[in-house]
Amino acid sequence: MNPSNTTSVQAAAVNHSEDSLELDAKLDKRSSFIVVAFILSGSAWLLLGSILGTIASFKLHIPDWLGESAWLSFGRVRPLHLNWMAYGWASQVGVGVSLWILSRVLKTTIPVRPWLFVGLLVWNFFLLIGGIEILMGHSRGLEWLELPIYTIVPIVLVILLAGEAALAMLHTRKTPHLYISAWYLIAAFICFPLLGVVSSLPIFDGTVQAGMNWWYAHNALGLWFTPMGLAIAYYLIPKVTGRPIYSYPLSVLGFWSLLLFYNWNGFHHLIGGPVPTWFVTISVAASVMMIIPVVTVAVNQHMTIIGSFEAVKYSPTLRFVVFAAMSYTFVSIQGSLQAIRSFNEVIHFTHYVIAHAHAGVYSFFTMMLFGAVYYIMPRITNWEWHSPKLIKLHFWLSASGMIIYLVGLQWGGIIQGLEMNNPDIPFMTVVNNTKKWLLSRSFAAILLTAGHFVFAYNVFRLMHLRKVRPAPPVTWLDIQRQRALEPKAEPASLGKKVTSAFSNLNKSFKRWANDVKVDEH
């Protein structure tokens, strides 16, 4: 790509010309119904999944709670929490946001919208049926793949339909060049149907099935959620700050290195298992090589936002997106370290791994989705959020909840692993020592669930109690330029500051003297 092409692609992301804004408004109007449908549907699954997650967390240190009901046992509630959050909340809102971004960057309308809505209804029906099956005890027993095959296949087909819509938009695009967000989103829509179809084939058994399980689970995060999350960041950071992405070639390097290395990563979860050593070693090497896409993304996004960090205080979208982007760097570097055998021997089979998974799915991807929803909804509904304070409350509930969750379980997980590797410590002692860390997990779950209900209330108010029309788009760069034009007060000299200080001191002394006279009388 020559420099002129790179410049045009970068500029397209922050184009705020009248023609561009008018075209964006038309595209938003056409896509509003289907995008809102995916966001509202995913938000409903978020609330249901949050309640199940909170119940599962409390049952870890109060195992007899709700113990009289088999369908509310930990072994059924926890898998359902995972599946409804992954395939309900994260995937549905991710699809809606992705289609909207593709419509914006490709300057074309989302096709087959009626069929996408029918597909969403089918998706919800089979996700509900699959949830009932799990509560009845009919789980496949594979992490991230607990849903029965007859319910997961229709969901994969609906995502395939969304992928076909994305490819159709790519074919009918009105822009000559592809912005990096489009690269990531097209890749996500191609990769996930492949993962879903292969994992549903009845050809895996024994240790091969374990390898397939972790190949799927890791790539569901790495080649489905991660590309969507990075695409959102690459789109929203320039949009909010008003600055083009720092380096387009660097973003392309991050894209191809992610596709090259991530698909090998899942097998490091089988270190010490009955699988060939070379099988695991390839995964360990690929996991360490993930440093390349992680560093390129971190540098690119940091250099884009540098000088605009003050905007985080004012932009709800940027607040969530920056937190998510920082979390991506943290969880990815942590994942590379976790793949090293000496460290894996300590944290394997501990709560550390659970916290690491939540750091990826929640701290990175879910927080990124929150930021995207807060940016998109006013533009496709033409109504503004009613309460910035509630949005800020949502952010702090979610951010503080995840920080407590990660610190408690990861620190406790390291201690748990060291104790389990010590033959002199009885296993029940190790179990009892983890209870205090599990209490922190439950406290964090309460904060997160409260944040989700605040989020749902914000969405409800926007949809049903509309009051304020959104202002024209203004970037942080526009605000900085406006500030530069405002007259600034001249800084006071040292002499004036000293004179003012003595004057204030003299006034204080006189007030004190008058008070003394009053007391004497």
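A brief look at the structure comes next. Counting of residues starts from 1 at the beginning of each chain's written sequence and follows it residue by residue. Given that the model is predicted, a residue must reach a pLDDT of at least 70 before its local features are reported, and side-chain atom pairs must reach 80 or more before they are shown or counted; all residues, however, enter totals for whole chains, interfaces and linings. Excluding hydrogens and water, the side-chain values take into account all heavy atoms of the structure.

## Topic: the overall build of the protein
Then, in step 1: By the criteria applied, helices consist of DSSP H or I runs no shorter than four residues and strands consist of E runs no shorter than two, each listed in order from the N terminus. Along the protein, the regular secondary structure elements total 18 helices and zero strands.
Then, in step 2: Contact between two residues is taken to exist if any of their heavy atoms lie within 4.5 Å; hydrogens are not considered. Across the protein, every contact between residues at least 6 apart in sequence was considered, and the portion connecting residues at least 24 apart equals 84%.
Then, in step 3: Computed with a 1.4 Å probe, the accessible areas rest on the Shrake-Rupley method; for each residue, only the protein chains presented here act as cover. If you sum the accessible surface of the protein, you get close to 23800 Å²; carbon and sulfur atoms cover 69% of it.

## Some remarks on the packing of helix 10 (residues 291-305) against helix 11 (residues 316-338)
Then, in step 1: Running from N to C, helix 10 and helix 11 cross one another at 155 degrees; their axes reach a closest spacing of 10 Å. Between helix 10 and helix 11, the angle falls in the class roughly antiparallel. With respect to the hand of their crossing, helix 10 and helix 11 are arranged in left-handed fashion. Here helix 10 contributes Ile291, Val294, Val297, Ala298, Gln301 and Ile305 to the contact with helix 11, which in turn contributes Leu318, Val322, Ala325, Tyr328, Thr329, Ser332, Ile333 and Ser336.
Then, in step 2: In the contact of helix 10 with helix 11, the residues fall into ten nonpolar, four polar and no charged. Here an axis means a line fitted to C-alpha atoms, over the contact stretch when the element is a helix, while the angle between two N-to-C directions is reported on a 0 to 180 degree scale. When an angle is under 35 degrees it counts as roughly parallel; over 145 it counts as roughly antiparallel; between 65 and 115 it counts as roughly perpendicular; any other value is oblique. For any helix crossing, the convention is left-handed if the near helix is rotated counterclockwise from the far helix by under a right angle, and right-handed if that rotation is clockwise. Residue classes follow a fixed rule: Ala, Val, Leu, Ile, Met, Phe, Trp, Tyr, Cys and Pro count as nonpolar, while Asp, Glu, Lys and Arg count as charged, and any other residue, Gly among them, counts as polar.

## Some words on helix 6 (residues 180-199)
Since the α-helix turns once every 3.6 residues, residues separated by three or four places project in the same direction.
Then, in step 1: The terminal C-alpha atoms of helix 6 lie 29 Å apart, and with 20 residues this matches the ideal 28 Å at 1.5 Å per residue to within 8%.
Then, in step 2: Within helix 6, 15 of the 20 residues are buried, leaving the element largely enclosed by the surrounding structure. To estimate the expected span of a helix, subtract one from its residue number and multiply by 1.5 Å. We call a residue buried when its accessible area falls under 20% of the maximum for its residue type, exposed when it is over 50%, and partly exposed in between, using a 1.4 Å probe and counting protein chains only.

## Quick notes on the environment of Phe460
Then, in step 1: Tracing the backbone through its elements, the reader meets Phe460 in helix 16 (residues 435-464).
Then, in step 2: Residue Phe460 is classed as partly exposed on the basis of its relative accessible area, which comes to 44%.
Then, in step 3: Counting along the chain gives 420 residues from Phe460 to Leu40, while the straight-line C-alpha distance between them is 9.0 Å.

## Digging into the nonpolar core
Then, in step 1: Residues enter a nonpolar core if they are buried and are Ala, Val, Leu, Ile, Met, Phe, Trp, Tyr or Cys, with the set joined through side-chain atoms within 4.5 Å. Core analysis: the biggest nonpolar cluster contains 142 residues, and Trp144 and Met377 have the highest contact counts within it.
Then, in step 2: Counting residues per element, this core draws most heavily on helix 7 (residues 206-241), which supplies 20 residues.
Then, in step 3: Beyond its immediate chain neighbours, meaning those up to four positions away, Trp144 contacts Leu82, Asn83, Ala86, Tyr87, Tyr216, Ala217, Ala220, Phe225 and Val361.

## Regarding the packing of aromatic side chains
Then, in step 1: Stacked, tilted and edge-to-face pairs are distinguished by plane angle, under 30 degrees for stacked and over 60 for edge-to-face with tilted covering the rest, among Phe, Tyr and Trp rings (Trp via its six-membered ring) whose centres lie within 6.5 Å. Taken as a whole, this structure holds 33 aromatic pairs when the rule is applied.
Then, in step 2: Arranged with centres 5.0 Å apart and planes meeting at 55 degrees, the rings of Trp45 and Trp84 form a pair that is tilted. Note that Trp45 is positioned in helix 2 (residues 18-61) and Trp84 in helix 3 (residues 74-106), a separation of 39 residues in sequence. A single burial state applies to Trp45 and to Trp84, both of which are buried.

## What to know about helix 9 (residues 277-289)
Then, in step 1: Taking 1.5 Å of rise per residue, the 13 residues of helix 9 would be expected to cover 18 Å, and the 18 Å separating its terminal C-alpha atoms lies within 8% of that figure.
Then, in step 2: Every buried residue of helix 9 is accounted for by Val280, Ser283, Val284, Ala286 and Ser287. Here the buried residues of helix 9 occupy an arc of 165 degrees about the axis, which is enough to place them on one side. Set apart from the buried face of helix 9 by more than 90 degrees, the exposed residues are Thr277 and Trp278.
Then, in step 3: Residues of helix 9 that are buried make contact with helix 8 (248-262), helix 10, helix 11 and helix 12 (341-347). Directions drawn from the helix axis to the C-beta atoms are what define this arc.

## Structural notes on a nonpolar patch on the surface
Then, in step 1: A patch consists of residues exposed above 30% relative accessible area that lack any salt bridge, with like charges linked at up to 9 Å and nonpolar side chains (Val, Leu, Ile, Met, Phe, Trp, Tyr) linked at up to 5 Å. Counted as salt bridges are all cases of a side-chain nitrogen of Lys or Arg within 4 Å of a carboxyl oxygen of Asp or Glu. Judged by side-chain polarity, Tyr246, Val288, Ile291, Val295, Val299, Ile333, Leu337 and Ile340 come together as a nonpolar surface patch covering roughly 620 Å² of accessible area.
Then, in step 2: At the level of elements, helix 10 and helix 11 are the ones that each hand at least two residues to the nonpolar patch.
Then, in step 3: For the nonpolar patch, the leading source of residues is helix 10, giving three residues.
Then, in step 4: Residue classification places Val299 among the partly exposed residues on the basis of a relative accessible area of 38%.

## Quick word on the packing of helix 6 against helix 7
Packed helices, taken two at a time, are described by the angle their axes make and the gap between the axes.
Then, in step 1: At a minimum axis separation of 8 Å, helix 6 and helix 7 run at an interaxial angle of 160 degrees. In terms of axis orientation, helix 6 runs roughly antiparallel to helix 7. The crossing of helix 6 and helix 7 is left-handed.
Then, in step 2: Residue classes in the contact of helix 6 with helix 7 are distributed as 21 nonpolar, four polar and no charged.

## Description of the pattern of salt bridges
Then, in step 1: Taken as a whole, this structure holds four salt bridges when the rule is applied.
Then, in step 2: Residue Arg104 is joined to Asp24 by a salt bridge in which the shortest nitrogen-to-oxygen separation is 3.6 Å. Here Asp24 lies in helix 2 and Arg104 lies in helix 3, a separation of 80 residues in the sequence.
Then, in step 3: You can call Arg104 buried: its relative accessible area is 7%.
Then, in step 4: What makes Asp24 buried here is its relative accessible area of 3%.
Then, in step 5: Arg104 is the salt-bridge partner of Asp28, the closest N and O atoms lying 2.8 Å from each other.

## Some details on the side chain of Thr296
Then, in step 1: Positionally, Thr296 belongs in helix 10.
Then, in step 2: Using a relative accessible area of 8% as the deciding quantity, one classes Thr296 as buried.
Then, in step 3: In this view, Thr296 contacts Leu250, Leu253 and Gly254; residues no more than four positions away in its chain are not counted.

## Quick word on the side chain of Ser440
Then, in step 1: Looking at the element boundaries, Ser440 is found in helix 16.
Then, in step 2: Aside from chain neighbours lying at most four places away, what touches Ser440 is Ile404 and Gly408.

## So, unusual backbone geometry
Then, in step 1: Even without a glycine there, the phi angle at Leu66 is positive, about 60 degrees.
Then, in step 2: Inspection of the secondary structure puts Leu66 in the loop between helix 2 and helix 3.
Then, in step 3: Phi at Phe349 takes a positive value of approximately 65 degrees, unusual for a residue other than glycine.
Then, in step 4: The exposure class assigned to Phe349 is exposed, which follows from its relative accessible area of 70%.

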